[in-house]
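Here are the chains, one letter per residue:
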Amino acid sequence: MAVGPGTLPPLHPVKGMRIGIASAGIKKPGRKDLVLMELCEGATVAGVFTLNAFCAAPVQIAKRHLASAPRYLLTNTGNANAGTGSEGMRDATRCCEALAQLVSLPIERILPFSTGVIGEKLPVEKIEKALPAALAALDENGWEDAASGIMTTDTRPKAASSQFEFGGKTVTLTGISKGAGMIMPNMATMLAYIGTDAAVAAPLLQRILGVAADKSFNRITIDGDTSTNDSCMLVATGQSGVVVDEQNSDLLAQFTAAVESVLLELSHAIVRDGEGATKFVTVQVEGARSSAEALQTAYTIAHSPLVKTALFASDPNWGRILAAVGRAGIENLDLDALRLYLGDVCIVENGGRSPGYTEAAGQRVMQQENILIRVLLARGEATETVWTTDFSEEYVRINADYRS
């Protein structure tokens, strides 16, 4: 179950990156569950990671290795290697060591990533056995296979790709993401990998990624649960010959916008493929006193089980949305000034139901796959948007059966 067609766009190869996929049989025999990304010498890498205190062993190691000019990104699905203590750290390190030996590199130049069931021992031997096949499969056109290889409860692969011209040269950006449940900011369980052939110094690349992730992956929520394994990596190979720096503000702005666009597309794809999702819901809060206040209000609505089940039922039960706004913790909220919209339909104004509102008008909006909830607080200038889904019986079934 997912919202929209979900067809992948053409994925442009990124010069300086090769991807190999192999089957380690971690959870299901024969499944392509090991994804290896090879980066050219000189590539720079930026990353943002989960803020969950129980962050997985591979996250801890990837963060530590990030400053050591990474050459390989190694991802396994089917096992999160989280909640595994010191043994999990040893297992993640063993995987890095096995790959480092095969490619004759220091272990610090390997970044490990894992996704899947929490609390189970990582089958290191299976991963070690599959590494030669992943290396043999390295190809610059491996993006589509990788998008499928990193999936867990996802029903479809997620990818985005774009190009722009600058100074007679073409700059390419291509990325993939995975995630369908345990999605909540800080980060929003997800993995994302984006490559570009522009040349960008690591500090600037990190800053661009941080801002872009905050506008995309940190603005989506499926169920309000922050994963232990979230990681989003941005790789710049420099192979296009286009150098992005702060001296050329026009190029910097163009590149930054391209990164933000790709990340937003990838993050929206996660929401559209949310576990059991039948609706793609935009919650927009306008006129707040601060960004924090706007986000607090938006997330209170987006996380409400009562709102989300009403969305699934296509029931314009606007009282649930109003109640969520009322408990969002906004100090001295002027109820008479607040307005609430479902799409283009005004539901609430002057402290109560809008005189022009009809159940039929609300029903028309709620039956759509793409729904906009707008809250106008009339308190200030801040506006924030988050994206979420409804809750269906399928969400319960998926998460009840997850470990089977």
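Described below are features of the structure shown in this document. (Residues numbered from 1 in each chain as written. Predicted model: local features only at pLDDT ≥ 70, side-chain atom pairs only at ≥ 80, totals over all residues. Heavy atoms only, no water.)

Regarding the pairing of strand S2 (residues 34-39)
Then, in step 1: Counting buried positions along S2 gives six out of six residues, so the element sits mostly inside the fold.
Then, in step 2: Burial along S2 is two-sided: Leu34, Leu36 and Glu38 and Val35, Met37 and Leu39, pointing in opposite directions, are all buried.
Then, in step 3: Relative to strand S4 (residues 72-77), S2 runs antiparallel, the two sharing five bridges. Looking at S4, one finds that leucine 34 is bridged to asparagine 76. (Buried < 20%, exposed > 50% of the residue type's maximum accessible area, 1.4 Å probe, protein only. Helix = DSSP H or I, 4+ residues; strand = E, 2+ residues; numbered from the N terminus. Pairing = 2+ DSSP bridges.)

Quick notes on the nonpolar core
Then, in step 1: Of all hydrophobic cores here, the largest spans 39 residues; its most connected members are Phe217, Cys232, Phe255 and Leu263.
Then, in step 2: Secondary structure elements with two or more residues in this core: strand S3 (44-49), strand S6 (158-166), strand S7 (169-178), strand S8 (191-196), helix H5 (202-215), strand S10 (231-236) and helix H6 (249-272).
Then, in step 3: The dominant element in this core, judged by the number of residues it contributes, is H6, at 10 residues.
Then, in step 4: With sequence-adjacent residues up to four places away left out, phenylalanine 255 is seen in contact with Phe164, Leu173, Thr196, Ala198, Val200, Ile208 and Val244.
Then, in step 5: In terms of nonpolar packing, the next biggest core, distinct from the first, is built from 35 residues, Ala294, Ile330, Ala361 and Val386 among them. (Core = buried A, V, L, I, M, F, W, Y, C linked by side-chain atoms within 4.5 Å. Contact = heavy atoms within 4.5 Å.)

Structural notes on empty space enclosed by the protein
Then, in step 1: In this model, the largest cavity occupies a volume close to 60 Å³.
Then, in step 2: Around the largest cavity sit Leu34, Leu74, Thr75, Asn76, Ala92, Cys95, Pro112, Phe113, Ser114, Leu122 and Ile127, which together line it.
Then, in step 3: Listing elements by their share of the lining of the largest cavity, those giving two or more residues are S4, helix H2 (85-103) and strand S5 (110-115).
Then, in step 4: Classifying every residue of the lining of the largest cavity gives eight nonpolar, three polar and no charged.
Then, in step 5: For the second largest cavity, the calculated volume is near 40 Å³.
Then, in step 6: Considering the residues around the second largest cavity, the lining is formed by Val307, Ala310, Leu311, Asp315, Asn317, Arg320, Ile321 and Met366.
Then, in step 7: Those elements that provide at least two residues to the lining of the second largest cavity are helix H8 (305-312) and helix H9 (318-326). (1 Å grid on protein atoms, 1.4 Å probe; cavity = no way out; pocket = protein on both sides within 12 Å on 5 of 7 lines; lining within 4 Å. Points joined across faces, edges and corners; volume = space filled by probe spheres on them. Nonpolar A, V, L, I, M, F, W, Y, C, P; charged D, E, K, R; others polar.)

Considerations on the state of the cysteines
Then, in step 1: Evaluated as defined, the whole model comprises zero disulfides.
Then, in step 2: Cysteine 40 takes part in no disulfide bond, and the closest cysteine sulfur to it belongs to cysteine 232, at a distance of 19 Å.
Then, in step 3: Lacking any disulfide linkage, cysteine 96 is separated from the closest cysteine sulfur, that of cysteine 95, by 6.9 Å.
Then, in step 4: Classification of cysteine 96 as buried rests on a relative accessible area of 0%. (Disulfide = S-S within 2.5 Å.)

So, the sheet that holds strand S14 (residues 345-349)
Then, in step 1: In spatial order, the strands read S15-S14-S13-S16-S12-S17; together these six strands make up an open sheet with mixed pairing. Unpaired on one side and paired on the other, strand S15 (352-353) and strand S17 (382-389) mark the two borders of the sheet.
Then, in step 2: Across three bridges, the pairing between strand S13 (residues 339-342) and S14 is antiparallel. Residue pairing in the sheet places leucine 342 in a bridge with valine 345 of S14.

Considerations on unusual backbone geometry
Then, in step 1: One non-glycine residue, serine 314, lies in the positive phi region at around 55°.
Then, in step 2: As for its position among the elements, serine 314 is in the loop between H8 and H9.
Then, in step 3: On the basis of relative accessible area, serine 314 is assigned to the buried category, the value being 14%.

Looking at the sheet that holds strand S1 (residues 17-22)
Then, in step 1: Pairing is mixed in the open sheet, where four strands are placed in the order S1-S2-S4-S5. Single-partner strands in this sheet number two, and they are S1 and S5. Pairs of neighbouring strands in the sheet enclose a mean axial angle of 15°, with direction left out of account.
Then, in step 2: Helix H3 (residues 124-136) rests against S1, S2 and S4 of the sheet, and its axis sits at about 50° to S2. (Axes fitted to C-alpha atoms, helices over the stretch in contact; angles between N-to-C directions.)

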